[in-house]
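# Architecture and fold: a report
Listed below are the residues making up each chain.
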Amino acid sequence: MSLSDTRPVRVGEELDVARLSAFIAGALPQLTGTDIHVEQFPGGFSNLTYLVRVGDAELVLRRPPRGAQVKGGHDMAREYGLLVALHGPYGKVPRPLVLCDDDTVLGAPFYLMERVRGIIIRGAPPPVIGDDPVVLRAMSESLVDTLADLHAFDWRAAGLEKIARPDGYVARQVDGWTARYAAARTDDVPALERVAAWLAEHRPADASPALIHNDFKYDNVVLDAEEPTTIRAVLDWELATVGDPLMDLGTALAYWMDTDDPEEMRRVLPSITGLPGSLSRAEVLERYATRTGRKVATPEFYYAFGLFKTAVILQQIYARYKKGLTTDPRFATLGDAVRSCALGASLAIEKGRIDRLTT
């Protein structure tokens, strides 16, 4: 999907254009033109993202979803502050423009940033990429290298000590996501509860801390339209922090499908990583370890944790759907996705590896 593939705003997720226009006129007077046109980016299950055209300028607006009750999961000021800290020294983030913490404008805090044009992969690759295995391999290598480079970023020099609590990070993540699952639980998924118990019993020691994204995948990077093996920007920093980079690697692996994964996993968690040419999960692990010099002694723990965390995020959204707090039809089948994540994590634990889950 190209970044230009926006849609009319979904029913129930409209913005008050008059109030938004007045805010932009006061906060960003350098923009010319008075007509504002708003569309919505259809991808993503968490924060709502809109394209706002003001004259010739293209802005992206981020705000929390309606009905969200997840503490700390939709903190616009924190996400905006990260962009401010990273835009100069890291570079691969959109330029932040303004934060609005006044709920009376749009009903919730939001921020505006510049749009980065390019390609975002959601589902099948667009025609400009196609199914060329050479291109797909180079793209997957670039994705892994970008994650490794992010983990090498000097977060102290960027002034990010204020968000750093690296000691005990693994334990907090396992306990925290287990508690979030209990709070959002709707259907019985015994396999997921068994995974949570196993994670609590097999926690490794914390790795040396790094800046971590916590939702790193093709959906959240912008590829260059002319050279799709080049990543122009990393998006969606709402979960980013300073912590154990191997937990971040596990989350990235959770989105990475292999060609021989169980059919139900590939159906509900589709990814171009399952196409011929792309690195396999085992190859991702090897390339990451080589590039970073980090030893990954128990990859099945990090992969199972990534699937568990993904399942909980999906469950939180599914719970909002079942309570009627959102009517987005994409959310109706998220219960199946939760069970598929539980299946993948269970198989990784049972087999003690992150690949060949069906053999």
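Attention here is on the structure that accompanies the text. None of these values were measured; they are calculated from a predicted model.

Rules used throughout
- Residues numbered from 1 in each chain as written.
- Predicted model: local features only at pLDDT ≥ 70, side-chain atom pairs only at ≥ 80, totals over all residues.
- Heavy atoms only, no water.
- Helix = DSSP H or I, 4+ residues; strand = E, 2+ residues; numbered from the N terminus.
- Buried < 20%, exposed > 50% of the residue type's maximum accessible area, 1.4 Å probe, protein only.
- Polar contact = N/O pair within 3.5 Å; in protein donor to acceptor, adjacent residues only side chain to side chain.
- Phe/Tyr/Trp six-rings, centres within 6.5 Å; stacked < 30°, edge-to-face > 60°.
- Lys NZ or Arg CZ within 6 Å of the ring centre and 35° of its normal.
- Contact = heavy atoms within 4.5 Å.
- Pairing = 2+ DSSP bridges.
- Axes fitted to C-alpha atoms, helices over the stretch in contact; angles between N-to-C directions.
- Salt bridge = Lys/Arg side-chain N within 4 Å of Asp/Glu carboxyl O.
- Parallel < 35°, antiparallel > 145°, perpendicular 65-115°, else oblique.
- Left-handed = near helix turned anticlockwise from the far one by under 90°.
- Core = buried A, V, L, I, M, F, W, Y, C linked by side-chain atoms within 4.5 Å.

### Observations regarding the side chain of Thr 241
Looking at where Thr 241 falls in the secondary structure, it is placed in strand 9 (residues 241–243). Residue Thr 241 is classed as buried on the basis of its relative accessible area of 12%. Polar contacts involving the side chain of Thr 241 include one to the main-chain carbonyl oxygen of Ile 163, which spans 3.2 Å.

### Here we look at the packing of aromatic side chains
The full count for this structure, using the stated rule, is seven aromatic pairs. Where Tyr 90 meets Trp 237, the ring centres are 6.0 Å apart and the plane angle is 80 degrees; that geometry is what we call edge-to-face. With a gap of 147 residues between them, Tyr 90 in the loop between helix 2 (76–87) and strand 4 (96–100) and Trp 237 in the loop between strand 8 (231–234) and strand 9 connect regions that are remote in the sequence. Using a relative accessible area of 15% as the deciding quantity, one classes Tyr 90 as buried. A connected cluster of aromatic rings, assembled from ring pairs, spans Tyr 90, Phe 153 and Trp 237. Cation over ring: Arg 180 sits above Trp 177, and NZ or CZ is 4.3 Å from the ring centre. Seen from the ring of Tyr 255, Lys 217 lies directly overhead, with NZ or CZ sitting 4.3 Å from the centre.

### Thoughts on helix 7 (residues 245–254)
With 10 of 10 residues buried, helix 7 is to be regarded as a mostly interior element. Three or more residues of helix 7 are buried, namely Pro 245, Leu 246, Met 247, Asp 248, Leu 249, Gly 250, Thr 251, Ala 252, Leu 253 and Ala 254. On its buried face, helix 7 sits against helix 4 (133–151), helix 5 (169–184), strand 6 (210–212), strand 9, helix 9 (281–292) and helix 10 (299–322).

### Some details on the sheet that holds strand 1 (residues 36–40)
Read from one edge of the open sheet, five strands run 1-2-3-5-4, paired in antiparallel fashion. Strand pairing shows two members of the sheet lacking a second neighbour, strand 1 and strand 4, which therefore form its edges. Between one strand and the next, the sheet's axes are offset by a mean angle of 25 degrees, whatever the strand orientation. Summarising the sheet, strand 4 and strand 5 (residues 110–114) pair through four bridges and their orientation is antiparallel. In the strand pairing of strand 5, Pro 96 is matched with Met 113. Against the sheet, helix 1 (residues 17–27) touches strand 1, strand 2 (48–54), strand 3 (57–63), strand 4 and strand 5, its axis set at about 115 degrees to strand 1. Strands in contact with helix 2 are strand 3, strand 4 and strand 5; relative to strand 4, the strand with the most contacts, it is inclined by about 160 degrees.

### A look at the pattern of salt bridges
Overall, the coordinates contain 26 salt bridges when judged by the stated rule. The shortest N-O distance in the salt bridge between Arg 137 and Glu 283 comes to 3.6 Å. Residue Arg 137 is located in helix 4, and its partner Glu 283 is located in helix 9; the two are separated by 146 residues in the primary sequence. Relative accessible area serves as the criterion here: at 32%, Arg 137 is assigned to the partly exposed category. For the salt bridge of Asp 261 with Arg 281, the shortest nitrogen-to-oxygen distance reads 2.8 Å.

### A word on the packing of helix 10 against helix 11 (residues 334–351)
Closest axis-to-axis distance for the helix 10/helix 11 pair is 8 Å, and the angle between their directions is 165 degrees. Our classification of the angle between helix 10 and helix 11 gives roughly antiparallel. Pair helix 10 / helix 11 crosses with left-handed handedness. Where helix 10 approaches helix 11, its residues Glu 300, Tyr 303, Ala 304, Leu 307, Thr 310, Ala 311, Leu 314, Gln 315, Ile 317 and Tyr 318 are matched on the opposing element by Leu 334, Gly 335, Ala 337, Val 338, Cys 341, Gly 344, Ala 345, Ala 348 and Ile 349.

### Structural notes on the environment of Lys 322
Following the sequence through the fold, Lys 322 ends up in helix 10. Taking C-alpha positions, Lys 322 is 38 Å from Ser 142, a pair spaced 180 residues apart along the chain. Those residues within four positions of Lys 322 in sequence are excluded, and the remaining contacts are Thr 186 and Asp 187.

### Looking at the nonpolar core
In terms of nonpolar packing, the biggest core is built from 92 residues, with Leu 160, Leu 199, Trp 237 and Leu 249 touching the most fellow members. At 13 residues, the largest contribution of residues to this core is made by helix 10. With near-sequence residues (within four places) excluded, Trp 237 lies in contact with Glu 79, Leu 82, Leu 83, Leu 86, Tyr 90, Val 93, Leu 150, Leu 211 and His 213. Leu 20, Tyr 50, Leu 59 and Leu 112 belong to the second-largest nonpolar core, a separate cluster that totals 20 residues.

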